[in-house]
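# Close look at the chain arrangement
Listed here are the chains, written in short residue letters.
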2 protein chains.
Amino acid sequence: MLTIASDAHRRHHPREPFHDFGRMVAPPEVPERVDRILDAIHHADLGEVRAPEEHGAEPVLAVHALDYVEFLEQAHAQWRDETGAAEDSEAVAYARAIRDQPFEEPVHIVAKLGWYSHDTDPILTGTWEAASSAVDVALSAWDAITTGGERSVYALCRPPGHHAAADSFAGYCYLNNAAIAAHAWTDAGARVAILDVDYHHGNGTQQIFYTRDDVLFVSLHADPAVDYPFFLGFAGEHGWGAGEGATRNFPLPHGTDWVGYADALASAAATITRFAPDGLVVSLGVDTAAEDPDGFELRGDDYLRMGEAIASLGLPTLFVQEGGYCLDVLGRNVVNVLGGHEQAAR
Amino acid sequence: MLTIASDAHRRHHPREPFHDFGRMVAPPEVPERVDRILDAIHHADLGEVRAPEEHGAEPVLAVHALDYVEFLEQAHAQWRDETGAAEDSEAVAYARAIRDQPFEEPVHIVAKLGWYSHDTDPILTGTWEAASSAVDVALSAWDAITTGGERSVYALCRPPGHHAAADSFAGYCYLNNAAIAAHAWTDAGARVAILDVDYHHGNGTQQIFYTRDDVLFVSLHADPAVDYPFFLGFAGEHGWGAGEGATRNFPLPHGTDWVGYADALASAAATITRFAPDGLVVSLGVDTAAEDPDGFELRGDDYLRMGEAIASLGLPTLFVQEGGYCLDVLGRNVVNVLGGHEQAAR
């Protein structure tokens, strides 16, 4: 399988510890994740690894608000300018608007950071470069399917994207790579299904497509009653307006192993088949691994089965990297999904 | 002047550094603030210092939402229970809801912390006890005016209150002492004006009374375009619905000294006089001091003038302590306002 990857992700390397369930933790979304995945790809001889091509702002602005994109691009420079913070500092939100109150357009960078985020992730001097390059990775992978004759392609995106909403960032995500590629696909006339198998609900992706009927969003994830991102991802969310019925969530309990996961994945696959899409985007997080600090218990071989189950949908498939933080098994598990898919799709 | 003060505030003593304009700072809202103010009160022989009486939940629930109050009361126990954090840990929000998205009632403590706050202040094991005691301080001071025959009383509240909204905490504030006392006063049939002279806009107080015509909210503060709390406090905010015209903001530039401040205070006083209230609540922050880290330049004697200007309104006056963080001048400046007021009111 063809992989698209870029080196620009290295410009985004958060280091400051943050609050996480009552502890301070070091950021696990690190550049080495990409190194480990590429090692596994080379080791498994999965196929060519190609650099992305630039796609410009237009496909990004089809999904994200202009003021948000301008903010992201300028945030760290404004932060340094208005706070005197250093080039290598991390710009972090703290002040938020009071619910439902009117106010003028945020002016100061601290206000903007609070307005354009839904957790306390930092923006670094290289965040924009890394995030926009990750979009190019996803779009170049999509190109390879729609105009390059590939049946399935892997976009090794970093930073990930599925927690990024139309106008706010969170959960290590700044631009929603999967959503931008899915929208580009619909723009080319296709009906698209997004299958999000990351441990965490793809709340950004859901928000972006919540009122649309041309993109089906299906997600398997930890129960948001007890896990990040908490506020979205419940089974009762089905979409709004025209999008009614085009969102489907499978919240799963802590301790879920392949038995429980495979059941939900089969239901998700049936939902996708009923939608009859022309193409599939997989938000591929492998933080469902038993070795990951999160609460699911999938094992190495389970990811082969996951790839096979996705292949059984028989769709052109764009895999977009999301989470997965245990460096020791991350590469193996990603390659198992991709290899299992390729093997079964033959 | 009679002072009401309680020792329960000591149960709330945050110590973890937090993000503030690009730096990590130690919490300046510390118990020693009360010690310093009491020292100055004794030194100046300002008058009796009396303990508060308990007022129960009813006056709190007249201003704050029941679910919010229940959250505050149980938050740290739930935090310890669900995260395994220690008794002396600080419960801090990080995850927020995506704007305008539907979701179920927050369940996990991390979700609740995000939902019920508008910055990253902590909740400690003693926060509820301290905050509810500060409400008793404000209400007991109000009692002394309305049933005790006092003309003006000082409520030495800690934690402060004016950033606390109807259902969220921020800016060192958990329960809105001034708003609760003001509402109690209206409940007794009075028209009430609130004059907020803290350096920071009283966004919580404004939100609580924004649609009401029986409470006038007037605030002098740093321009929210460039200073905390950022999202509210602009000159264009006048109230909503029945409250239209009963909110008045005077945002002032960094570097404001007594000359500029006195001008705005005169306009604020004229606004209050036009409203013809029966009583006045002063949200008394003295973080406008030149010695404070914030951006105004008021000097010790200016606080005597401030007290005199407030006395010229000729109203029964409840002073409620808000901010002020320079321990060396905090007590002197508070006593100058109270003493200047008392002297002029004679």
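Report follows, based on the coordinates. Predicted model, so just to flag it, every value in this text is computed and none were measured. (Residues numbered from 1 in each chain as written. Chains lettered and ligands numbered in written order. Predicted model: local features only at pLDDT ≥ 70, side-chain atom pairs only at ≥ 80, totals over all residues. Heavy atoms only, no water.)

Attention shifts here to the overall build of chain A. Within chain A, the regular secondary structure consists of 10 helices and 12 strands. Since a compact globule built from 346 residues should have a radius of gyration of about 20 Å, the 19 Å found for chain A is in line with a globular shape. Principal axes of the C-alpha set define a box for chain A whose edges measure 55 × 45 × 40 Å. The buried share of chain A, reckoned over its 346 residues, is 64%. Look at the contacts in chain A between residues 6 or more apart in sequence, and 76% of them connect residues 24 or more apart. For chain A, the accessible surface area stands at approximately 11,900 Å², while carbon and sulfur atoms represent 48% of it. With 21 positive and 53 negative side-chain charges, chain A shows a spacing of 4 Å between the two charge centroids. (Helix = DSSP H or I, 4+ residues; strand = E, 2+ residues; numbered from the N terminus. Rg over C-alpha atoms; globule rule 2.2 N^0.38 Å. Buried < 20%, exposed > 50% of the residue type's maximum accessible area, 1.4 Å probe, protein only. Contact = heavy atoms within 4.5 Å. Areas by Shrake-Rupley, 256 points an atom, 1.4 Å probe, with all protein chains shown as cover. Lys, Arg positive; Asp, Glu negative; His and termini not counted. Charge placed at Lys NZ, Arg CZ, Asp CG, Glu CD.)

Before going further, it helps to examine the relation of the copies chain A and chain B. With an RMSD of 0.0 Å, the fit of chain A onto chain B corresponds to turning through 180° and sliding 0.0 Å along the axis. On this basis, the relationship between the two copies can be described by a two-fold rotation axis. Of the residues that chain A buries at the interface, 100% are likewise interface residues in chain B, meaning the two copies contact each other through the same surface. (Least-squares fit on C-alpha atoms with pLDDT ≥ 70 in both.)

It is worth spelling out unusual backbone geometry at this point. For the peptide bond that leads from Arg158 of chain A to Pro159 of chain A, omega is 0°, which places it in the cis range. Within the element layout of this structure, Pro159 of chain A appears in the loop between β7 (152-155) and α6 (177-187). The amide bond that connects Tyr228 of chain A to the next residue, Pro229 of chain A, takes the cis arrangement and shows omega of 5°. Among the secondary structure elements, Pro229 of chain A is positioned in the loop between β9 (215-222) and β10 (247-252). One non-glycine residue, Asp100 of chain A, lies in the positive phi region at around 60°. Relative to the elements of secondary structure, Asp100 of chain A occurs in the loop between β5 (91-92) and α4 (109-115). Judged by relative accessible area, Asp100 of chain A falls into the exposed class, the value being 66%. Phi angles above zero are rare outside glycine, and Ala276 of chain B is one such case at about 55°. Along the chain, Ala276 of chain B turns up in the loop between α8 (258-275) and β11 (279-284).

Next up on the list: the sheet that holds strand β1 (residues 2-4) of chain B. Residue and element names in this part refer to chain B. Here eight strands make up an open sheet; going across it, the order is β4-β1-β7-β12-β11-β8-β9-β10 and the pairing parallel. Unpaired on one side and paired on the other, β4 (49-50) and β10 (247-252) mark the two borders of the sheet. As judged from the five bridges shared by strand β8 (residues 192-196) and strand β9 (residues 215-222), these two strands associate in the parallel manner. The residue bridging Ala193 from the neighbouring strand is Leu216, located in β9. This element, helix α5 (residues 127-146), spans β1, β7 (152-155) and β12 (317-321) of the sheet and lies at about 170° to β7. Sheet contacts for helix α6 (residues 177-187): β8, β9, β11 and β12; angle to β11, the most-contacted strand, approximately 175°. (Pairing = 2+ DSSP bridges. Axes fitted to C-alpha atoms, helices over the stretch in contact; angles between N-to-C directions.)

That's the geometry; what it means functionally is another story.
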